[in-house]
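# Chains, contacts and geometry: an overview
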Protein chains: 2
Amino acid sequence: MEHEKNQQLQDFVYQGKSYPCCTSLTMGLIGGKWKTVILYHLLQGPLRYSELRQQMPQVTERTLSLQLKALEKDQLIKRKVYHQKPPLKVSYSLTDLGKTLEPLILQLAQWGELVMQNQISMAQAQTEK
Amino acid sequence: MEHEKNQQLQDFVYQGKSYPCCTSLTMGLIGGKWKTVILYHLLQGPLRYSELRQQMPQVTERTLSLQLKALEKDQLIKRKVYHQKPPLKVSYSLTDLGKTLEPLILQLAQWGELVMQNQISMAQAQTEK
DNA sequence: CAGGATCCAGGATGATACTG
DNA sequence: CAGTATCATCCTGGATCCTG
């Protein structure tokens, strides 16, 4: 007799979390409402906290802060503090691992644009099988 | 070719929802814990409700049902009912739009596998600046 | 077989005020 | 400037039972 029947499937584990599928693992790291947006902006290069806020005015300070910490913990971005006299300066940039996400992020962006462009024409061309 | 630094805070709207970035739009459609897993399995071909459950034993009936409806509403999958005498048969498959997600889903899967493979070697090679 | 109906816990996100 | 602390809310997803 086996004890637990639900955990015997192949789980993908990373950073202490387990995922039911390799796509879930990826989504666990870049999923959520803001992470891909942050990564998308960081593709251009390092940005400061305030610069990120300017580019994403809808996000709150708290949420941005939390998402940045999560991304940093997962080693997708790195946080650099410039120890000059105040005002404080902190910049965020992609890690090497984070840079490997570039094609993925770009494809996410492209697909979003594709859907935007096609949603009207698709309504007309509506092919049903 | 330079693009505007001052990107307007234009929202991306699809299916009545608005997103702050084109990547958000994509994530809004395939984000969450289960949608990419469902799509990943449907890449092989149509599957019945019970077959999906077998391939994703960790998901509950309710959640699978909700996610399938969301994907259907966003026109990424289609639901086909076979009107035979009971037992009822329903199959889910990708729409044409859903099929355009194939490269993206595969890339999500590949990146997840990459991270799994590299997480040990990265712990050693840990380059810090 | 393929879900719908409920109830519910926890996480994700937001608003606002405050700090080193 | 770059966050934290606190409180409130919303939403996702889980457990369980029920039905056409």
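The following paragraphs examine the structure supplied in this document. (Residues numbered from 1 in each chain as written. Chains lettered and ligands numbered in written order. Predicted model: local features only at pLDDT ≥ 70, side-chain atom pairs only at ≥ 80, totals over all residues. Heavy atoms only, no water.)

One key point about sheets: their strands pair by backbone hydrogen bonds, in either a parallel or an antiparallel sense. All names here are of chain A. With respect to topology, 3 strands assemble into an open sheet ordered β3-β5-β4, the strand pairing being antiparallel. The sheet is open, and its two borders are formed by β3 (47–48) and β4 (77–82), each paired with just one other strand. Sheet analysis places β3 next to strand β5 (residues 89–94), joined by 2 bridges and oriented antiparallel. Counterpart to Leu 47 in the pairing with β5 is Tyr 92. Against the sheet, helix α2 (residues 35–42) contacts β3, β4 and β5, and its axis sits at roughly 95° relative to β5. (Pairing = 2+ DSSP bridges. Helix = DSSP H or I, 4+ residues; strand = E, 2+ residues; numbered from the N terminus. Contact = heavy atoms within 4.5 Å. Axes fitted to C-alpha atoms, helices over the stretch in contact; angles between N-to-C directions.)

Residue and element names in this part refer to chain B. Pairing is antiparallel in the open sheet, where 3 strands are placed in the order β3-β5-β4. Lying at the two open borders of the sheet, with one neighbouring strand each, are β3 (47–48) and β4 (77–82). Here helix α2 (residues 35–42) sits on the sheet and contacts β3, β4 and β5 (89–94); the angle it forms with β5, its principal contact strand, is near 95°.

Quick look at the packing of α2 of chain B against helix α4 (residues 61–73) of chain B now. A pair of packed helices is captured by two measures, namely the crossing angle of their axes and the spacing between those axes. All names here are of chain B. At a minimum axis separation of 10 Å, α2 and α4 run at an interaxial angle of 75°. Our classification of the angle between α2 and α4 gives roughly perpendicular. Along the contact surface, α2 presents Lys 35, Ile 38 and Leu 39, while α4 presents Leu 64, Gln 67, Leu 68, Ala 70 and Leu 71. Taken together, the residues that form the contact of α2 with α4 break down as 6 nonpolar, 1 polar and 1 charged. (Parallel < 35°, antiparallel > 145°, perpendicular 65-115°, else oblique. Nonpolar A, V, L, I, M, F, W, Y, C, P; charged D, E, K, R; others polar.)

Between chain A and chain B, the superposition needs a rotation of 180° and an axial shift of 0.0 Å, giving an RMSD of 0.1 Å. What we have between these two chains is a two-fold relation. In terms of proximity to the rotation axis, the leading residue of chain A is Gly 31 of chain A, whose C-alpha is 3.2 Å off the axis. A high fraction, 92%, of the interface residues of chain A reappear at the interface in chain B, so the copies pair face to face through one surface. (Least-squares fit on C-alpha atoms with pLDDT ≥ 70 in both.)

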